[in-house]
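Listed below, chain by chain, are the residues.
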Amino acid sequence: MSSALSPKVQNQIAMLQQMQQQMQTIAAQKAQYEMAVREAKRATEELHDVPDDAPVFMSVGTVMMEKKKEDVLKNLTDKIETLELRIKSLEKQEGMLSGKFEQLQSQIKQALEGKAQGAS
Amino acid sequence: MVSKVDRVDPREIQSLQLYLNEYRQQAEIFSQQLAFLEDGRMEAIAAIETLQSLSASPENTVLLQIGSGVSVRAKVPEPDRILVNIGAEVVVEKQNAAAQDYLKDRVTEMEASAKKVAETLERIRSQVNEIAKRIDLAYQQAQMQAAGSPMTPISPKRPTTREED
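A brief look at the structure comes next. (Residues numbered from 1 in each chain as written. Chains lettered and ligands numbered in written order. Predicted model: local features only at pLDDT ≥ 70, side-chain atom pairs only at ≥ 80, totals over all residues. Heavy atoms only, no water.)

1. Quick notes on the overall build of chain A
Inference 1: Each helix and strand in chain A was counted, giving two helices and two strands.
Inference 2: Traced from its N-terminal end to its C-terminal end, chain A shows the element sequence α-β-β-α.
Inference 3: Over its C-alpha atoms chain A spans a radius of gyration of 24 Å, topping by over 25% the 14 Å that the globule rule assigns to 120 residues.
Inference 4: Dimensions along the principal axes, computed over C-alpha positions, put chain A at roughly 80 × 25 × 15 Å.
Inference 5: Counting over 120 residues, chain A shows a buried share of 27%.
Inference 6: Counting only contacts in chain A whose residues sit at least 6 apart along the sequence, the fraction spanning at least 24 positions is 70%.
Inference 7: Total accessible area computed for chain A in this model is approximately 8500 Å², and 52% of it derives from carbon and sulfur atoms.
Inference 8: Each charge class in chain A was averaged separately, 16 positive and 17 negative side chains, and the resulting centres sit 11 Å apart. (Helix = DSSP H or I, 4+ residues; strand = E, 2+ residues; numbered from the N terminus. Rg over C-alpha atoms; globule rule 2.2 N^0.38 Å. Buried < 20%, exposed > 50% of the residue type's maximum accessible area, 1.4 Å probe, protein only. Contact = heavy atoms within 4.5 Å. Areas by Shrake-Rupley, 256 points an atom, 1.4 Å probe, with all protein chains shown as cover. Lys, Arg positive; Asp, Glu negative; His and termini not counted. Charge placed at Lys NZ, Arg CZ, Asp CG, Glu CD.)

Okay, structure coming up:
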């Protein structure tokens, strides 16, 4: 089927597929970050419920190190902020790609419709 | 067989087959999620049981597994100081009862999630059955056509899920 299409349309279809893959990769990464944010927020909530003097440990390299509750809370807040920034950046990329994707899709559609009308 | 089906409308069958594959993939993903939740629930229940036993008989020796079926004898010196991983690589010390409560809450949450996933899975499975029936019907029609009976068009509409409603 693809042999009947012009090289330009074939190229556009290849680009469309590439964009689709990029969008899937971005969506997967975004989902991963969103899950990490949820986990960190939940840990923060849980930490608020424990007494201030309760021993709290945090992963440092290959060991769990005892830290002050307030330090761990600050660390989690920073982590949430960083992740949320990354999510926003991914959303921007997603939006841009989605716009380009729709544009390319309509170009291909037009090219195919023109070809079909020309054939009839 | 294929040539008989071609006389019904191959596009309808293709489209139904695509939906069938799509729903089957979704069902597979939800089944895995359900199994994952069930594993988590069972693990939490086992941990609660362990904490209860440690609390009830703190002086008893336990076997600490070190892998490959090998264990060493161990004593738990402070069975009321439990270290609980609360996610995001943070571990908090809790008292035995508080740790049990934490785990019980997790079990309740996992049960609620599992219920939702099971409901969704059930809906998807009923869609799969519906589509499979339609495909069977299409094949039957193809056979009837081959025998010279008049053809009744099968509904090509996509089966709806509750989320789409």
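2. Details of the overall build of chain B
Inference 1: For chain B, the helix and strand inventory stands at three helices and four strands.
Inference 2: Secondary structure elements of chain B occur, N-terminal to C-terminal, as α-α-β-β-β-β-α.
Inference 3: Burial statistics for chain B: of 165 residues in total, 32% are counted as buried.
Inference 4: Within chain B, residue pairs in contact and separated by at least 24 positions form 60% of the contacts whose partners lie at least 6 positions apart.
Inference 5: Element-wise, carbon and sulfur atoms account for 53% of the exposed surface of chain B, whose accessible area totals about 10900 Å².

3. Side note on the pairing of strand β2 (residues 63-67) of chain A
Inference 1: Relative to β2 of chain A, strand β1 (residues 56-60) of chain A is paired through five bridges, and the arrangement is antiparallel. Paired with V60 of chain A across the two strands is V63 of chain A, which belongs to β2 of chain A. (Pairing = 2+ DSSP bridges.)

4. A look at the pairing of strand β2 (residues 70-74) of chain B
Residue and element names in this part refer to chain B.
Inference 1: Inspection of the sheet shows strand β1 (residues 62-67) paired to β2 by five bridges, in the antiparallel sense. Across the sheet, Q65 pairs through a bridge with S71, a residue of β2.
Inference 2: Connecting β1 to the next strand, β2, in antiparallel fashion are two residues, including S68 with a positive phi near 55°.

5. What to know about the pattern of salt bridges
Inference 1: Under the counting rule described, the total for this entry stands at 13 salt bridges over all chains.
Inference 2: The salt bridge partner of K30 of chain A is E94 of chain A, with a shortest N-O separation of 3.2 Å. Taken together, the positions of K30 of chain A in helix α1 (residues 7-49) and E94 of chain A in helix α2 (residues 69-119) put the pair 64 residues apart, joining distant regions of the chain.
Inference 3: On the basis of relative accessible area, K30 of chain A is assigned to the buried category, the value being 15%.
Inference 4: Note that E46 of chain A and K94 of chain B form a salt bridge whose closest N and O atoms lie 3.1 Å from each other. Placement of the pair is E46 of chain A in helix α1 and K94 of chain B in strand β4 (residues 90-95), with the two residues belonging to separate chains.
Inference 5: What makes E46 of chain A buried here is its relative accessible area of 15%. (Salt bridge = Lys/Arg side-chain N within 4 Å of Asp/Glu carboxyl O.)

6. Some details on the interface of chain B and chain A
Inference 1: Listed per partner, the contact involves 14 residues of chain B and 17 residues of chain A.
Inference 2: Summed over both partners, the interface of chain B with chain A comes to about 1200 Å²; 59% of that surface belongs to carbon and sulfur atoms.
Inference 3: For the chain B face of the interface with chain A, the top three residues by lost area are I86, A88 and E89 of chain B, together amounting to 38%.
Inference 4: Our count for the contact surface shared by chain B and chain A stands at two salt bridges.
Inference 5: A salt bridge links R42 of chain A to E109 of chain B, with the shortest nitrogen-to-oxygen separation between them at 2.1 Å.
Inference 6: Our count for the chain B to chain A interface comes out at six residue pairs in polar contact (both at pLDDT 80 or more).
Inference 7: Contributions of two or more residues to the side of chain B that touches chain A are made by β3 (81-87), β4 and α3 (96-146) of chain B. (Buried area = accessible area lost by both parts, 1.4 Å probe. Polar contact = N/O pair within 3.5 Å; in protein donor to acceptor, adjacent residues only side chain to side chain.)

7. Digging into the packing of helix α2 (residues 10-56) of chain B against α3 of chain B
All names here are of chain B.
Inference 1: One way to put it is that α2 packs onto α3 with a least axis distance of 7 Å and a crossing angle of 160°. Taken together, the axis directions place α2 and α3 in an arrangement best described as roughly antiparallel. Seen along the crossing, α2 lies across α3 with a hand that is left-handed. (Axes fitted to C-alpha atoms, helices over the stretch in contact; angles between N-to-C directions. Parallel < 35°, antiparallel > 145°, perpendicular 65-115°, else oblique. Left-handed = near helix turned anticlockwise from the far one by under 90°.)

8. With respect to the sheet that holds β4 of chain B
Inference 1: The strand order across the open sheet formed by four strands is β2(A)-β1(A)-β4(B)-β3(B), and the pairing between neighbours is antiparallel. If you trace the sheet from one side to the other, it starts and ends with β2 of chain A together with β3 of chain B, each paired once. Pairwise comparison of adjacent strand axes, ignoring direction, gives a mean angle of 35° for this sheet.
Inference 2: As paired strands, β1 of chain A and β4 of chain B are joined by three bridges and run antiparallel to one another. Paired with F57 of chain A across the strands is V91 of chain B, a residue of β4 of chain B.
Inference 3: The strands touched by α1 of chain A are β1 of chain A together with β3 and β4 of chain B; relative to β3 of chain B, the strand with the most contacts, the crossing angle is about 145°.

Note that all results are geometric; they support no functional claim without further evidence.
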